[in-house]
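# Summary of structural features
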Amino acid sequence: MAVAAKTPAKSSKAKEYSYAWEGKDKTGKAVKGEMRAAGEAIVSSFLRRQGVNVTKVKRLRSSGKAVSAKDISLFTRQLATMMKAGVPLLQAFDIVGKGNSNPSVARLLLDIKTDVETGSSLQQAFLKYPLYFDTLYCNLIGAGEAAGILDTLLDRLATYQEKIQAIKSKIKSALFYPISIVVVAFIITAVIMIFVIPAFKELFDSFGADLPAPTLVIMAISEVFVAYWWAIFGGLGGGIYGFLYTWKRSKKMQDVMDRITLKLPIFGGLIRKACIARWSRTLATMFAAGVPLVEAFDSVAGAAGNVVYYDATKRIQRDVSSGSSLVTTMQDTAVFPSMVLQMVAIGEESGALDAMLSKVADFFEAEVDDAVDALSSLMEPIIMAVLGVIIGGLVIAMYLPIFKMGAVV
């Protein structure tokens, strides 16, 4: 028989681990379960106070994949569905945790449930895990708890996360295809330069004739690849790793790259539409939840995922808090198209700002979908043409001497 022991209050200093335990209760019946504590002695002591004669305590190794944004989105939807169906909160955590295939998610939900059981509010329990639950998430949970509409807020939050996940997936798919093709093209070209061209060079040396200029250029490049392939691959790999490492950890570089991406010829417009969609969806969700407009901008600023819109949002927050209208301050930032400004103006005048912002988000999400489809259709022939020119140019350059000798003969 499995028993879920109530975990003791957590220590803020000691690091806790998961332990599996077995023992016998006061009636001599075999019981077992899991709990989190700072050590085996704490587990045994706590269980003894519960009347359990402990026979075995074993620390569980960490297993399972990391908790992803998709896992959090799925958990939110499941929790919202069960609460709307009238399932008690703690029981809903039990059902979702035990039914999740990722042990990391199950442990996270068990920890949150334990916090709630020991007297914390749901918002406070989520705030302990900022890696998985951002400020927006916790603020909406707090608003739902305060207003007694937690099930409704969870449903809105789940919808919001699903929309954001969908738009991020679209952006990634649009960028992944050309990058993967470029990598494959470079590898193929390097293989030809290192292994194929030297074979042709030995053949041409036996001819003893003058070679065409394109052939000499390709052979010279091949010699560089053969002699310094380690430096080329090492330098390229190290450069990419260093760039990504710096980009991930340097705030200044992230800001620069955010500004550059918005100015890219093909992808800039797509990224800008995605930022506006996320910005509008986040503000609509926060405003509909009853969060004051000025406070909502704290979460909205980071939700767009671009420093240009972060700075614009902070400026809007300052101006709105001093009494300016939302549409006026948005217009002053010069980062929102006229359609967004008109919709916000209508929303302010009609008192339906959340509805208008939701329509803006729906429109730009559809625009992103269309842009990704169009980009995929456009990029495919362009990439094929580029590959054809590169590979075809190499082949022609290496066969030119053979054609020349054939003409002489």
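Described in the following lines is the structure provided in the data block. The structure presented is a predicted model; accordingly, all values stated were derived computationally and were not measured.

Along the backbone of the protein there are 15 helices and three strands. What you see for the protein is a C-alpha radius of gyration of 30 Å, clearly larger than the 22 Å of a compact globule of 409 residues, by over 25%. Over its C-alpha atoms, taken along the principal directions, the protein stretches across nearly 100 × 65 × 35 Å. Counting across all 409 residues of the protein, residues that qualify as buried make up 39%. Sequence-distant contacts, at least 24 apart, represent 61% of the contacts inside the protein between residues at least 6 apart. A total accessible area of about 22,300 Å² is found for the protein, and carbon and sulfur atoms account for 61% of it.

To continue, consider the packing of aromatic side chains. Summed over the entire model, instances satisfying the criterion amount to 14 aromatic pairs. Here F126 and F133 contribute two aromatic rings whose centre-to-centre distance is 4.4 Å and whose plane-to-plane angle is 50 degrees, an arrangement assigned as tilted. Through pairs of rings, three or more aromatic residues link up here, namely F75, F93, F126, F133 and Y137.

Structural remark: α-helix, 3.6 residues per turn; residues separated by three or four positions point the same way. Turning to helix α9 (residues 251–261), its buried residues number three or more, namely M253, D255, M257, D258 and T261. Residues of α9 that are buried in the fold lie against α8 (213–249), α10 (267–288) and α12 (307–321).

Let us look at a nonpolar patch on the surface. Judged by side-chain polarity, L175, I179, V183, I187, V191, F195 and V196 come together as a nonpolar surface patch covering roughly 610 Å² of accessible area. Here L175 is to be found in helix α7 (residues 150–207).

Our focus in this paragraph is the nonpolar core. Of all hydrophobic cores here, the largest spans 81 residues; its most connected members are F126, F133 and W279. Ranked by the residues each element gives to this core, the list is headed by α10, at 11 residues. W279 has contacts with F297, V300, A304, T313, I316, M330, F336 and L357, leaving out every residue within four places of it along the chain. I194, F204, L394 and M398 belong to the second largest nonpolar core, which has 14 residues in total.

For T285, the location among the structural elements is in helix α10. Taking relative accessible area as the criterion, T285 reaches 10% and is therefore assigned buried. A polar atom in the side chain of T285 sits 2.8 Å from the backbone oxygen of R281. Setting aside residues up to four positions removed in sequence, T285 forms contacts with L140, R156 and Y160.

The end-to-end C-alpha distance of helix α14 (residues 338–350), which contains 13 residues, comes to 18 Å, matching closely the 18 Å that a straight helix rising 1.5 Å per residue would cover. Burial in α14 covers these residues: V340, L341, M343, V344, A345 and G347. Directly after α14, the chain includes G351, whose backbone phi takes a positive value near 75 degrees.

Moving on, we come to the environment of L136. Within the fold, L136 resides in helix α6 (residues 135–147). Residue classification places L136 among the buried positions, given a relative accessible area of 4%. Along the chain, L136 and M286 lie 150 residues apart, while their C-alpha atoms are 7.8 Å from each other. Ignoring any residue separated from it by four or fewer positions in sequence, one finds L136 in contact with L157, Y160, T282, M286 and S299.

Quantified by volume, the largest pocket comes out at close to 1,100 Å³. Around the largest pocket, the lining is made up of 26 residues, and of these I171, L175, I179, W247 and T261 lie nearest the centre. Within the residue set of the lining of the largest pocket, elements represented by two or more residues are α7, α8, α9 and α10. Ranked by residue count, the leading element in the lining of the largest pocket is α7, at 11 residues. Tallied by class, the residues present in the lining of the largest pocket amount to 19 nonpolar, three polar and four charged.

Within the element layout of this structure, V182 appears in helix α7. Look at V182 and you get exposed, because its relative accessible area is 56%. Residues V182 and V386 lie 204 residues apart in sequence; the distance between their C-alpha atoms is 9.7 Å.

Our next topic: the pattern of salt bridges. Here the structure, examined in full by the defined rule, presents 12 salt bridges. The closest approach of N and O atoms between D255 and K251, which form a salt bridge, is 2.8 Å. Within this pair, D255 and its partner K251 are both found in helix α9, separated by four residues, close to a single helical turn. Here the salt bridges share partners, and the residues they tie into one network are R77, D155 and E162.

Turning to the side chain of Q161, a few remarks are in order. Residue placement: Q161 occurs in helix α7. Given a relative accessible area of 14%, Q161 falls into the buried group. Within polar-contact distance, the side chain of Q161 engages the side chain of T76 at 3.1 Å. When residues no more than four places from it in sequence are discounted, the contact partners of Q161 are I72, S73, T76 and Y137.

What counts, and where the lines are drawn
Residues numbered from 1 in each chain as written. Predicted model: local features only at pLDDT ≥ 70, side-chain atom pairs only at ≥ 80, totals over all residues. Heavy atoms only, no water. Helix = DSSP H or I, 4+ residues; strand = E, 2+ residues; numbered from the N terminus. Rg over C-alpha atoms; globule rule 2.2 N^0.38 Å. Buried < 20%, exposed > 50% of the residue type's maximum accessible area, 1.4 Å probe, protein only. Contact = heavy atoms within 4.5 Å. Areas by Shrake-Rupley, 256 points an atom, 1.4 Å probe, with all protein chains shown as cover. Phe/Tyr/Trp six-rings, centres within 6.5 Å; stacked < 30°, edge-to-face > 60°. Patch = residues over 30% accessible without salt bridge, like charges linked within 9 Å, V, L, I, M, F, W, Y side chains within 5 Å. Salt bridge = Lys/Arg side-chain N within 4 Å of Asp/Glu carboxyl O. Core = buried A, V, L, I, M, F, W, Y, C linked by side-chain atoms within 4.5 Å. Polar contact = N/O pair within 3.5 Å; in protein donor to acceptor, adjacent residues only side chain to side chain. Expected span 1.5 Å × (residues − 1). 1 Å grid on protein atoms, 1.4 Å probe; cavity = no way out; pocket = protein on both sides within 12 Å on 5 of 7 lines; lining within 4 Å. Points joined across faces, edges and corners; volume = space filled by probe spheres on them. Nonpolar A, V, L, I, M, F, W, Y, C, P; charged D, E, K, R; others polar.

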